[in-house]
Amino acid sequence: MKNKKLFLMPFLLIILLIAGCSNGSVAEQSVLENAKESKTITWGVKADTKLFGLTDVRDGQQKGFDVDMAKLITKKILGKDGKAKFVTVTSQSRIPLLKNGNIDAIIATMTNTPERSKIVDFSNSYFDAGQSLLVPDNSPIKTTADLKNKTVLGVVGSNSVENIKKVAPDAKVLQLQDYAQAMSALKSGQGDALTTDNGILYGMAVQNKGFKVVGGTFTKEPYSIAVNKDQRDFVKAANKAIKEIEASGEYNELIKKWFGDVPKFNYKELYR
Ligand code: GLU
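Summary of the structure given here. The model shown is predicted, which means the values in this text are computed figures rather than measured ones.

**Topic: the nonpolar core**
- Counting 55 residues, the largest nonpolar core has Trp43, Phe65, Ile73, Phe127, Ile225, Phe234 and Phe259 as the members making the most contacts within it.
- Ranked by size, the runner-up nonpolar core spans 11 residues in total, among them Val89, Ile95, Leu97 and Phe122.

**Observations concerning the site of the ligand**
- Neighbouring residues of the ligand: 16 residues in total, closest Ser91, Thr109, Thr111, Tyr179 and Asp197.
- Contact between the ligand and Arg116: an oxygen atom at 2.8 Å from a side-chain N or O atom of the residue.
- In this structure, Asn159 approaches the ligand through a main-chain N or O atom, which is 2.8 Å from an oxygen atom.
- Notes on the ligand: free accessible area 280 Å², of which the protein chains cover 100%.

**Digging into the packing of aromatic side chains**
- Across all of its chains, the model carries 15 aromatic pairs by this definition.
- Measuring from ring centre to ring centre gives 5.7 Å for Phe52 and Tyr223, while their planes differ by 70°; the resulting arrangement is edge-to-face. Of this pair, Phe52 sits in the loop between strand E2 (48–49) and strand E3 (53–55) while Tyr223 sits in strand E13 (residues 221–228), and the two are 171 residues apart along the sequence. As far as the burial class goes, Phe52 and Tyr223 line up, both buried.
- Judged by centre distance (4.6 Å) and plane angle (35°), the ring pair of Tyr202 and Phe265 falls under tilted. Of this pair, Tyr202 sits in helix H8 (residues 198–207) while Phe265 sits in the segment after helix H10 (250–259); the two residues are 63 residues apart in sequence, bridging distant segments of the chain.

So, how was this worked out
Residues numbered from 1 in each chain as written. Predicted model: local features only at pLDDT ≥ 70, side-chain atom pairs only at ≥ 80, totals over all residues. Heavy atoms only, no water. Core = buried A, V, L, I, M, F, W, Y, C linked by side-chain atoms within 4.5 Å. Buried < 20%, exposed > 50% of the residue type's maximum accessible area, 1.4 Å probe, protein only. Near = heavy atom within 4 Å. Polar contact = N/O pair within 3.5 Å; in protein donor to acceptor, adjacent residues only side chain to side chain. Areas by Shrake-Rupley, 256 points an atom, 1.4 Å probe, with all protein chains shown as cover. Phe/Tyr/Trp six-rings, centres within 6.5 Å; stacked < 30°, edge-to-face > 60°. Helix = DSSP H or I, 4+ residues; strand = E, 2+ residues; numbered from the N terminus.

Structure representation (structure tokens):
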């Protein structure tokens, strides 16, 4: 009898191994089911982007519109005991971190583009941005037409660095690792302008005296939550949550909280 058990052991091990493998990699499992079980959603958020996702040095917490949206959406999906966990991403690292299962979803100033839709799935848009320019107060640059032979700063992994080449083909584009570094480069005169979405630039203008947002918005940047391909149930749940947040007025409260005091920013245009 004992011998028979020993004899069966290797077979049992093989069956267990096969069962384990059939669950697939973390990125292939149902994010929604896992979140419901663990009562947690792990979000990729920015830590370098004031107004959307910025680390508060006083308590080490990331704060901003994206972070608050993630908290609200988590409660709508998982109920009031649901927890939102945050992992720092940059424009460059957000898709790789999603792909290898380090985060469940991205909510990080990320534009829903057809290119990106080939590799991730997007929720409905939850914020309407548009690309613009940040320049020193005394700069002669007023629009993208003034960028001829100028150096424009951007961030790796951001679509702004591609967009700017289309509207200002004669400009030189310099790509930095994140928005903190891009702002330092602008301050130290390594570029004539910094380009990304208007909301992000207004956040920089609040943080850094002597800079202004110019050029209007020359692209449309609808922000969406991104999840891995084939996570349609999570996308559905997120879309439902966004709708509820808009209908309840919580959305407009968040817009007012984060953008209401930003000088020269018409935040009421963002109301839904
Ligand atoms: N929304 C643009 C993008 O997704 C620029 C902001 C960013 O770098 O996150 O690329």
